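Topology and contacts: notes
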Amino acid sequence: MPADRAPHPTVSNTLTHRLASVASITRNMVMLLDSAGVIEWVNPGFEEHTGYRLADAIGHTPGELLFGPDTDPETIRRIRRKLFQGEPVQEDILNYSRAGQPFWVQVYCAPVDGDWSGRHGFVVIQSNISDRKASERNLRIAASVFDRSHDAILISDHNNRILDVNPAFSRITGYARHEVLGLTPAILSSGRHSPEYYRSMWQSLEKTDHWRGEIWNRRRNGEDYIEMLAISRVHLDQPGKFYHVAAFSDITALKNHARELDRAANYDDLTGLPNRQLLIERLRSACAHADRLRRGLSVCCLDLDGFKALNHRLGRTEGDRALKLIAERLSHTLRSGDTIARIGGDEFILLLQSDRHDGVYQRILDCVSTPLAVSGETIQITGSIGITRYPDDDADAESLVRHADQAMYSAKEKGRNQYHVFDPGLDAYRRRRRDQLTEISRALENGEFELHYQPQIRVSDSTLKGFEALIRWNHPTRGQLAPGEFLPALENSHLEIPLGQWVVKQAVHQLNAWQAAGECFTVSINISARHLMDPGFADYLASFLKSHPELDPGQLTLEVLETTALEDTKRASNVLGRCRALGLKVALDDFGTGFSSLTYLRTLPVDIIKIDQSFVRNMLTDTNDRAIVESVIFLAQRFSRPALAEGVESPAQARALREMGCHFIQGYGIERPMPASAVPAWAREARCRARTLLAPA
């Protein structure tokens, strides 16, 4: 169209209408401004993006509606300068919606030389580029991370050819970027890993698109280093198109530090041997391994004899040198699967992983006792070894070491240069006994013991002679316990005398209570060997009886075992003589079970001899038992001492004993032991019941 000819009015209106339609349907934001930059019209795209309706926007400048705190002032000035110079301008600028949300737009502004109204103004078209800006920002961040990362980053294509590496890669490996482009990461291979290792790595990448692990590589200067490597396979939109991104860090120093920490935590500084902590770990593993293979192992505790004195004489430096030499010898003596650990100054633990070691134990002692050249002189050191064997000793690792240590002290008691094997059965017995003693001590404090009384009958006239006091334990969970269930644990223990004194006090208290009620009985009490032989036994009885003047000492009989008396006849005779001088009576209990002789009957000051129930029980059917009973009764008669038979359970036994000349009897056939409260009533019927027992069949 010629420049001097204006468009036909119909054409102009049609074009304006079409342009208005385009502005209305475009997703871009369109604003028409007057010559002062005030909004005259906005399209629906503007309303949608900004939240401002047409009526809200008219009469305002774009800056009043769209600019916010982070909108760049310099960009605004450039736009305005260009527009008022009559030039179009294109810039990226940060806008804000009516709700205050920021968004990036690319703005195109151009002056209009006469519009539909014939006035000058501006048209502004804005495109939302927030997504592009975000992508650009992410790319800048990624590039910054790539360049500034302390971890090496390597990017390779689907053929594993290197496309790019970051500066950290060059710093760690020593290879410049241009030296590795187009090559494969195999240039870093140290040769330490097998082909199977790399195949496993690539199989993981094929299956999961990821692999992570530690790997040994080699720097450009030939130095090996260990790295923590992570490889990811990155897939793009194109089919079959992917890349590898590998990131790794040099952990050589970290690994070296970890080894130093491990050594400090698990190894002895002086000898370099495992310490106690590492030994316990290995021992746990060895026990589990032995269980799987159904095999055994030995734990040995080796202590050098007299080393402290030697160390003091030689000095610390030479003493340490001697320890190192012995440690080296022991290490060469053991097999490869065994362990030797130093757990103290001159104490070592040896873990031997096989079933047969008897020869090894002596070889270890010989190894230690071989002379050493130290400080210009030849010295000889011996050792003591304590041994425990697993699984015979089925304990945990800590307990196995403790048991070996206990056995080592037993070896030292046997003399130098010896070994001793721990006995699990004996240890279990000791533990049970220790637990029992603890319970008994508690029972004494809580008043859980009581005395029951079993009657003793005179055979000739069926009258009641007296009672034997028998202890019972009213256990809080197990019920009433007989003496045989707890007295064996007391033997030679610290509780033997306190319990014996409790029996004496309780028996005397009960005699006084019966006497106050008008009953006069005699009571026999059992005295243990340790209690009888205690240096203060007789003095204690004298003092106790003096504090109870109302008691006739003749009412109390001390029963002592024949075997107790025979351990030290002279001393026993003196103690029993003092007891009789106090007015007490003495019975020799369980006669016939020890190595009795006429000498003892002649020399021991006793008032009565008790025949053990083990002979009485079967005397009617066993001729040997009957002969023993008859012999004891005969000896008692010849030495003018009455005999009392225990364990009488039937009238036939009672009659037979009467015919043999036995003086007294007791047992279940007469009556079982009874509580003190039941004694008076029973005593009132005693004569009638005894005559019935001894009546002819």
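So, on to the confidence of the model for the protein. Per-residue pLDDT for the protein has a mean of 87; in total, 91% of the residues score no lower than 70. Looking over the protein, one finds the lowest element-wise mean pLDDT in helix α21 (residues 562–567), namely 56, and the highest in strand β27 (residues 674–675), namely 96. When the criterion is pLDDT under 50, residues 1–6 qualifies, and its contacts beyond four places in sequence or with other chains add up to two contacts.

All right, on to the sheet that holds strand β16 (residues 383–390) then. Pairing is mixed in the open sheet, where five strands are placed in the order β12-β13-β11-β16-β17. At either margin of the open sheet sits one strand with a lone partner, and together these are β12 (339–342) and β17 (419–421). If you compare each strand with its neighbour and ignore which way they point, the axes differ by 20 degrees on average. Pairing between β12 and strand β13 (residues 347–352): four bridges, direction antiparallel. Directly across from Ile340, in β13, lies its bridge partner Leu350.

Time to look at the packing of aromatic side chains. Summed over the entire model, instances satisfying the criterion amount to 14 aromatic pairs. Between Phe169 and Phe248, the ring centres sit 6.0 Å apart and the planes meet at 70 degrees, which makes this aromatic pair edge-to-face. Residue Phe169 is found in helix α7 (residues 167–173), and its partner Phe248 is found in strand β10 (residues 242–250); the two are separated by 79 residues along the sequence. Phe248 matches Phe169 in its accessibility class, with the two residues each being buried. The rings of Tyr453, Phe467, Trp514, Phe521 and Trp682 are connected pair by pair, giving a single aromatic cluster. Stacked on the ring of Phe664, the Lys or Arg Lys465 has its end atom at 5.4 Å from the ring centre.

Next up on the list: the environment of Asp268. Looking at where Asp268 falls in the secondary structure, it is placed in the loop between α10 (252–266) and α11 (276–293). Residue Asp268 is classed as buried on the basis of its relative accessible area, which comes to 14%. Residues Asp268 and Arg432 lie 164 residues apart in sequence; the distance between their C-alpha atoms is 37 Å. Filtering out sequence-adjacent residues up to four positions away, Asp268 remains in contact with Leu273, Pro274, Asn275 and Arg342. Side-chain polar atoms of Asp268 contact the side chain of Thr271, separated by 2.6 Å.

In this chain, Tyr390 is followed by Pro391 through a cis amide linkage whose omega measures 10 degrees. Mapping Pro391 onto the fold places it in the loop between β16 and α15 (397–414). One non-glycine residue, Asn160, lies in positive phi territory at about 65 degrees. Summarising the element assignment, Asn160 is placed in the loop between β6 (152–156) and β7 (162–165). Located in the positive-phi region is Asn417, a residue other than glycine, with phi close to 60 degrees. Mapping Asn417 onto the fold places it in the loop between α15 and β17.

Parameters and conventions
Residues numbered from 1 in each chain as written. Predicted model: local features only at pLDDT ≥ 70, side-chain atom pairs only at ≥ 80, totals over all residues. Heavy atoms only, no water. pLDDT = per-residue confidence, 0-100. Helix = DSSP H or I, 4+ residues; strand = E, 2+ residues; numbered from the N terminus. Contact = heavy atoms within 4.5 Å. Pairing = 2+ DSSP bridges. Axes fitted to C-alpha atoms, helices over the stretch in contact; angles between N-to-C directions. Phe/Tyr/Trp six-rings, centres within 6.5 Å; stacked < 30°, edge-to-face > 60°. Buried < 20%, exposed > 50% of the residue type's maximum accessible area, 1.4 Å probe, protein only. Lys NZ or Arg CZ within 6 Å of the ring centre and 35° of its normal. Polar contact = N/O pair within 3.5 Å; in protein donor to acceptor, adjacent residues only side chain to side chain.

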